[in-house]
Amino acid sequence: PVHKVNVDAFFIDKYEVTQGSYIALMKENPSDTKRGFREEDIDTPVGKGYPVTRVSWFDAVRYCNARSTAEGLQPCYDVSTWECDFSRNGYRLPAEAEWEYACRAGTSTTYFFGGDVNDVINYANYWPDEAEYREAMIETGKWNRPLPKLLPVGNKKPNPWGLYDMLGNVAEWCNDWYDRDYYTNSPHNNPYGPEVGGMKVVRGGSYRDPFAICGHRGEKYPSGKRSLNALVGFRCVRKAEEAKGETKGQIKGGQ
């Protein structure tokens, strides 16, 4: 349902976490399909500028902690319980409400660039022909157009706050457990999602999805199944008030 929430100031990555950044900290590249994580028709491009994919929610959380430690910040996650301490100044996954706030970038239109669906392709790497593809495969088993491809980060136009690929390219892990009805009774201040659940929220859609809308929250994935997440990546956030030399309340592009 349409509703108003308040979120504390935070910084968010300008780009989706890249394979290069992930390799530098974690010493591996889960996007490399030669490692055995491959779906039949999705072969993830390998390259430092591409978003990292095939990461479980737990992989993303471990990266957040490693990045915090590398920068002298307080890790947010207790890896024995996987709980997040939002009071710490290190990196973490965005709460779903934070993700949508950053995606909308102060706008109230259907898309952060306005209401014209024909403009989506300029801002999002997505697949408007997906329905035609499915119909063709059912009827003839053939498709004579190229399949969509993952792009390096920053290939499309940014939203008004300078954030790239908030829509499309890879769907992005959020910190929250998924509950379809959560926002019918969630707190107005800093909603961090249900306390328990079986699935984690992803937002933004991927290059294989037929639509890209800021408010869509129907996508969710099991948090631990890396092999099913060829279309899922992430970006990090951290508390704004703990950032030295930067103005409280700003959203900063990083990564």
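Below: a short report on this structure. (Residues numbered from 1 in each chain as written. Predicted model: local features only at pLDDT ≥ 70, side-chain atom pairs only at ≥ 80, totals over all residues. Heavy atoms only, no water.)

### Brief notes about the packing of aromatic side chains
Throughout the structure, instances matching the rule amount to 16 aromatic pairs. A centroid spacing of 3.7 Å and a plane angle of 5° characterise the contact between F86 and Y192, whose relative ring orientation is stacked. One end of the pair, F86, is in the loop between β3 (83–84) and α3 (96–104); the other, Y192, is in the loop between β4 (171–177) and β5 (200–203), and 106 residues separate them in sequence. Measuring from ring centre to ring centre gives 5.6 Å for F112 and Y123, while their planes differ by 80°; the resulting arrangement is edge-to-face. (Phe/Tyr/Trp six-rings, centres within 6.5 Å; stacked < 30°, edge-to-face > 60°. Helix = DSSP H or I, 4+ residues; strand = E, 2+ residues; numbered from the N terminus.)

### Description of the packing of helix α1 (residues 19–26) against helix α2 (residues 57–70)
The contact between α1 and α2 brings their axes to 10 Å, and the two run at 70°. Taken as axis vectors, α1 and α2 run roughly perpendicular relative to one another. As for how α1 packs across α2, the hand of that crossing is left-handed. Of the residues in α2, those in contact with S21, Y22, L25 and M26 of α1 are D59, R62, Y63, A66, R67 and A70. Taken together, the residues of the contact of α1 with α2 sort by class into six nonpolar, one polar and three charged. (Axes fitted to C-alpha atoms, helices over the stretch in contact; angles between N-to-C directions. Parallel < 35°, antiparallel > 145°, perpendicular 65-115°, else oblique. Left-handed = near helix turned anticlockwise from the far one by under 90°. Contact = heavy atoms within 4.5 Å. Nonpolar A, V, L, I, M, F, W, Y, C, P; charged D, E, K, R; others polar.)

### Some remarks on unusual backbone geometry
Backbone geometry at R54 places phi at a positive 60°, although glycine is not the residue there. Among the structural elements, R54 can be located in the loop between α1 and α2. When its relative accessible area of 0% is taken as the criterion, R54 is described as buried. Here A105, not a glycine, exhibits a phi torsion of approximately 55°, which is positive. Inspection of the secondary structure assignment puts A105 in the loop between α3 and α4 (120–123). Classification of A105 by relative accessible area gives buried; the value is 6%. (Buried < 20%, exposed > 50% of the residue type's maximum accessible area, 1.4 Å probe, protein only.)

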